[in-house]
Structure formats: structure tokens, C-alpha cells
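# Coordinate analysis (summary)
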Amino acid sequence: MAAAPTLNRMLGEDPETNSGDMAFMAVSSALVLLMTPGLAFYYGGLVKEKNILNTMMMSIVCMGLISVYWIIFGFSYSFSWSSEYVMYKELTEMVWPATKITGLIFATYQMTFAIITVAVISGSIVERMRFAPYIIFMSVWFVVVYVPLCYWVWGGGWIFQLGAKDFAGGTVVHISSGTSGYVAAMLLGKRKNTEGAPNNVPFVILGGGLLWFGWTGFNGGSALAANWLAGLAVTNTFLAAALAMVTWLALEIVLTGKPTAVGSMTGAVAGLVGITPVAGFVSAPGSLAVGAITAAVCTGAVKVAEKLRVVDDSLDCFTVHGIGGYTGGLLGGLFDTSAGLLYGHGPKLMKAWRIRRLPPQ
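Residue numbers restart at each chain and count upward from 1, following the sequence in its written direction. Confidence filtering applies because this is a predicted model: local features only for residues at pLDDT of at least 70, side-chain atom pairs given and counted only at 80 or more, and all residues used for totals across whole chains, interfaces and linings. Remark: hydrogens and water are excluded; side-chain values derive from all non-hydrogen atoms of the structure.

Bringing helix α10 (residues 261-275) into the picture now. Secondary structure elements follow DSSP: runs of H or I no shorter than four residues count as helices, runs of E no shorter than two count as strands, and numbering proceeds from the N terminus. Expected span of a helix: the number of residues minus one, times 1.5 Å. Taking 1.5 Å per residue as the helical rise, α10 with its 15 residues ought to reach 21 Å, and the 22 Å between its terminal C-alpha atoms agrees with that figure. Of all 15 residues in α10, 13 are buried; the element is thus mostly enclosed. Three labels apply to residues, based on accessible area from a 1.4 Å probe with only protein chains included: buried if under 20% of the type maximum, exposed if over 50%, partly exposed otherwise in between.

Written out as C-alpha cells, the structure is:
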């Protein structure tokens, strides 16, 4: 009799799950996974021609290695800080809490986030690190940075307990990868020669388009159900990216006299990054504001970085992903319809801030 529940679930007869939600999350997982090849094309088009293969493989290899780490220990420690789900133990039989999807599909969806997060960092260190040392670096970073941070924000850790809101990875994905990439670039030093880049603008456009397409699953899937919230997140994602692209192009015209294809894709990605932490918390007009402001801030960050030349952030990983993630998260304090300042929730925010600052009694 003990085998009956498993058999019923295999036959699609489990009343605890929802087939629509399951299908939506499976498609969302595929969309987010597609973002990593998209990132490979995006980064590959931006470097010198002789470095294109190494650069693309820095993203592609994450699809294999991080997936293996994830099933062995990554998921378990990211969402329980214990060995409870090591090797996906217990996930086959369970429905993930507060959802109508299985633990397995939830773990698979989260795996695609881990993959793209590690891959993003390579944008700061390309053309300066060989492939073998990169494998060691990404493995160590995944263990000591991504897994603990994921637990702190999404798994019930101290940041989660503070009441922090990160809808789809502004902190876990973009701030972590952008900031870590900046530090890595600082330690590696500057490239000896930057001539010959970008080598393939059509690759940049293709990669940016795939990222935009895949971001539908990135933000929409974070609702963990095919529901109203998913629809809001998908809509906000498209709107923010669209106005961010237009804003970036407009600023290029003002600052340099002409728009560029690379700028159009960079602007779209900046908007996508900015809307990620708040995609399910803001209205459609709010998403437009988030996209435009994030694009403007990231444009300024890129220009300042180019002028100061303190750190050689090869492909603007920090100025787009890091700064964009910070900007989007902060803008949630303004445009969040349930807790934002612009929606009359100033006293609530100040009260929460004061409570967090009070010493324990």
C-alpha cells in the first residue's frame, strides 16, 4: 500500500498538485535555462574574436557543473541549510510548501537560477582568466557565496527574517554576481589590450534577445504558479525592458550623438535586471518607471567607470547587473504597491526600520 501514492502521482492523479502550475513551471525552467546560452552569445559578441570560444564556454560549462553541484548538495543547503534534500532526497514524494508543484520541479527551477548567476560573473573576468582556473573559481564561489546567500534571502535565513523582499533574484542573482565580478576584476588587474571588441554585434543582439525571451520564465515563474501574479510579473518584465532600451538609446544620442545596437541590448538587459527584484510588487506604470530609472542609473555608472578606469570590468557586469540590482531593489521602496512610499506606506516602512534597529529586550 505504501507504493500507491507514488504510483498515483506518476500517473498524474495527485490531488495535491495542479497540472497547470506544473506545466507552467516546467516551461519557465526551460526558459531560464535558455538564458545561459543567450548570455554566452551576448558575452561572446562583446569580446575580441580570438577569445570568443573561451568566453562562451565560461557560460555554457555552468549548465553542466552547477547542475551537478545543485543536485548533490546545492539545493539542500540553499533551502534548508541541512542535508535534508541531498541528492534530491525526499523531493520525489513531496509537494513544495505553499505551492501546488512538486519539490522536484521547484528544485529544477531554482537550479536554472544558480546556473545563470555563476555565468554572469564571467563577464567581469573574460580575456584574463584561463578556463581551468575559472572552473576552480566558479566552484568555490558557488559554495561560499551563492548557496549561503540563497538560503539567507529565500531559504529562511537572516535576511528573509528581516522581511526583505526579492521577488526573482535582485539580490541573490544580480547584486551577488555583479559585485563579485567587480572584486574579481579588481584582483586580476586590467587587460593588456582591448582593441577588436566587440567582434560580433549580431551575436550581441541574438544573445540579448534570448535573455529577454528567457526572462519571461525568470520573473514570471517566480510566482510558482500560473496565476494573476505570474501575469503581472511577465507584463512588468516586458514593459521595464522596453522603456529601458528606449531610455538607453536616448541617452546615447544625447551623450555621443548616435544610438548603437550594443547600447540597445545593454539598456534592455539593465531594465530586466532592475525589474527582477520587484516584478511581482509593482504596477505596470511602476515597471516603466523602474525600467527608465535603472537604465539611466546604469548608463551613468558605465560612463563613470569608463572615465575613471579604476577597475577593468570587461563587459560591464557590475555597472549593469550589480548597479541595476541595487537600483531595482531600492526602487521597490517607492513603487511597491503594498509597501512603497508612493502608495502612502511611509509610516509603515519607518516603523519596520525602527523595529529592526531596536536592540533585543
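Residues are called lining when one of their atoms sits within 4 Å of a cavity or pocket point, these points coming from a 1 Å grid over the protein atoms alone, where a cavity is a set in which a 1.4 Å probe fits but cannot get out and a pocket is an open set with protein on both sides within 12 Å along at least five of seven lines. Grid points are joined across faces, edges and corners, and a volume is the space filled by probe spheres set on the points. For the coordinates displayed, the defined rule picks out one cavity of 30 Å³ or more. Volume-wise, the largest cavity comes out at about 50 Å³. Along its surface, the largest cavity is lined by Met35, Leu39, Ile116, Val120, His174, Leu211, Trp215, Phe218 and His321. At the level of secondary structure, the elements contributing two or more residues to the lining of the largest cavity comprise α2 (19-46), α4 (103-125) and α8 (201-220). Top element by residues in the lining of the largest cavity is α8. It accounts for three residues. Throughout, the ten residues Ala, Val, Leu, Ile, Met, Phe, Trp, Tyr, Cys and Pro are labelled nonpolar, Asp, Glu, Lys and Arg are labelled charged, and all others, Gly among them, are labelled polar. Taken together, the residues of the lining of the largest cavity break down into seven nonpolar, two polar and no charged.

Further remarks concern the side chain of Thr276. One can find Thr276 in the loop between α10 and α11 (284-308). For Thr276, a relative accessible area of 0% corresponds to the buried category. By the criterion applied in these results, polar contacts are pairs of N or O atoms within 3.5 Å in which, for protein atoms, one can donate a hydrogen and the other can accept it, and in which residues neighboring in sequence qualify only through two side-chain atoms. Here Trp215 takes part through its side chain, which lies 2.9 Å from a polar atom of the side chain of Thr276. Should any heavy atoms of two residues lie within 4.5 Å, those residues are counted as being in contact. Excluding anything up to four places from it in sequence, Thr276 contacts Phe167, Ala168, Gly169, Gly170, His174, Trp215, Phe218 and Asn219.

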